[in-house]
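So you can see what is in the structure, the chains are spelled out below.
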Amino acid sequence: MNLVFTSDLSGLGGGEVGLIYLVEELSKSHQCLVVCRTEGKLVKVLEEKRINVLVCDYKKKEKIFSALKRIRKKMKQFNPDAIFSNDPTTSILMKMATVGVICNNYWICHGQWYEFGYGKKILLKYANNKIICVSNAVKKNLEKQGFDRLEIIHLGVPLERFNLETSSSFRRELGIEESIPLIITVARFQEIKGQKRGIEIATLFQEHNLPFAYAFIGGSVFGSDSDAAYEHEVKKLAKDKDLLDKKVFFVGERDDVAGIMREADLLIIPSENESFGVVAIEALAAGLPIVSTPNEGVTEILENDRRFIAVSKEAKDLFYLARNILSDDELRKCASRDMRELSNKFKIENISNAFVEAVK
């Protein structure tokens, strides 16, 4: 099959990492092309993996018609069986660009917060053969708005990459002793990701005189001023609490997350909400215990297991779960085993097969 994927964003958030995993796997048996609006880290990684990429800003108003014309020409050459767009408006634009080209069109919906007016609903239903939902929460939201032809296909990860990856030199790099529990949060800096809540958790560990180190992995990956301002606020909070570079570390974006997960003792997901959560299934594959807010996406992934899902989004409730796991060796071993078992649901091989079946 010839399969096209689009990405409006050029940084590496969870959705973009999930796209890389998917296209990398599909490319073993199919021809894949990724259409990106702008240059960026996503394009660089795809090109390093020898994935075909077309960079074309199809949403720049003053050039939209020339961009769609360029995409149309490329589609006629590539002869796609299906186009998968990660944005609702993009799925409509791809339909416009391929009028007369015989191919199926799909929107992959990553968010349960979308609300559409009557006209937009009509266009989305017309433009897409099917809407693929990354979680049950996403599907329920669209069903409430009258959408049909919905199918749940979760995001996936290459399990062996996280199973077999050797530990990195992360602890040594930060001067963290092996005996000190290492907590990590892996997320782009954005208010919805809850890093401020993570600092509150670190403060509670400090107040209870418990040994810990807490590393925040990620940056303002999409170049937003508001995201950069939030990152600055989080770091200032850590400094004001006298935690910065003593107990709390900010390490930016990393390419060795799989190795870091092998060294860590706990992943905390302090997000206000998640429609799914690629980092959660990466942790499952690595056998890394997780503590999360009761957001819809991670709650679905962890099957609402109250050993790992807090009763509220308050820092104290996340702290209680984290303390329980880090202080109980047997619980931590059981959690690690259970995580690996859960990860089998998200094998990238199965996820890629589901995408192929969706087209047939």
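Below is a summary of the structure that appears in this document. (Residues numbered from 1 in each chain as written. Predicted model: local features only at pLDDT ≥ 70, side-chain atom pairs only at ≥ 80, totals over all residues. Heavy atoms only, no water.)

### Focus: the overall build of the protein
(1) Moving on: Along the backbone of the protein there are 16 helices and 12 strands.
(2) Moving on: Taking 21 Å as the expected radius of gyration for a compact globule of 360 residues, we find that the protein reaches 21 Å, a close match to that expectation.
(3) Moving on: The dimensions of the protein, computed from C-alpha atoms along their principal axes, are 65 × 40 × 40 Å.
(4) Moving on: Evaluated residue by residue, the protein yields a buried proportion of 55% over its 360 residues.
(5) Moving on: Across the protein, contacts joining residues at least 24 apart in sequence account for 67% of those joining residues at least 6 apart.
(6) Moving on: With an accessible surface of roughly 16,100 Å², the protein has 48% of that area assigned to carbon and sulfur atoms.
(7) Moving on: Here the protein carries 52 positive and 51 negative side-chain charges, and the mean point of each set is 6 Å from the other. (Helix = DSSP H or I, 4+ residues; strand = E, 2+ residues; numbered from the N terminus. Rg over C-alpha atoms; globule rule 2.2 N^0.38 Å. Buried < 20%, exposed > 50% of the residue type's maximum accessible area, 1.4 Å probe, protein only. Contact = heavy atoms within 4.5 Å. Areas by Shrake-Rupley, 256 points an atom, 1.4 Å probe, with all protein chains shown as cover. Lys, Arg positive; Asp, Glu negative; His and termini not counted. Charge placed at Lys NZ, Arg CZ, Asp CG, Glu CD.)

### Structural notes on the packing of helix α9 (residues 195–207) against helix α14 (residues 315–327)
(1) Moving on: Running from N to C, α9 and α14 point in directions that differ by 55 degrees, and their axes come no closer than 9 Å. Between α9 and α14, the angle is such that the two are oblique. Here α9 runs over α14; the crossing is right-handed. Every residue of α14 that contacts α9 at Arg197, Glu200, Ile201, Leu204 and Phe205 is listed here: Ala315, Lys316, Leu318, Phe319, Ala322, Arg323 and Leu326.
(2) Moving on: For the contact of α9 with α14, the residue count by class is eight nonpolar, no polar and four charged. (Axes fitted to C-alpha atoms, helices over the stretch in contact; angles between N-to-C directions. Parallel < 35°, antiparallel > 145°, perpendicular 65-115°, else oblique. Left-handed = near helix turned anticlockwise from the far one by under 90°. Nonpolar A, V, L, I, M, F, W, Y, C, P; charged D, E, K, R; others polar.)

### Thoughts on the packing of aromatic side chains
(1) Moving on: If you walk through the whole model with that rule in mind, you get 16 aromatic pairs.
(2) Moving on: When the ring of Phe84 is compared with that of Phe355, the centres are 5.3 Å apart and the planes differ by 70 degrees; the resulting orientation is edge-to-face. Remark: Phe355 occurs in helix α16 (residues 348–359) and Phe84 occurs in strand β4 (residues 82–85); sequence separation between them is 271 residues.
(3) Moving on: Put simply, the rings of Trp107, Trp113, Tyr114, Phe116 and Phe147 pair up and form one aromatic cluster.
(4) Moving on: Residue placement shows Lys95 over the ring face of Tyr126; its charged tip is 5.6 Å from the ring centre. (Phe/Tyr/Trp six-rings, centres within 6.5 Å; stacked < 30°, edge-to-face > 60°. Lys NZ or Arg CZ within 6 Å of the ring centre and 35° of its normal.)

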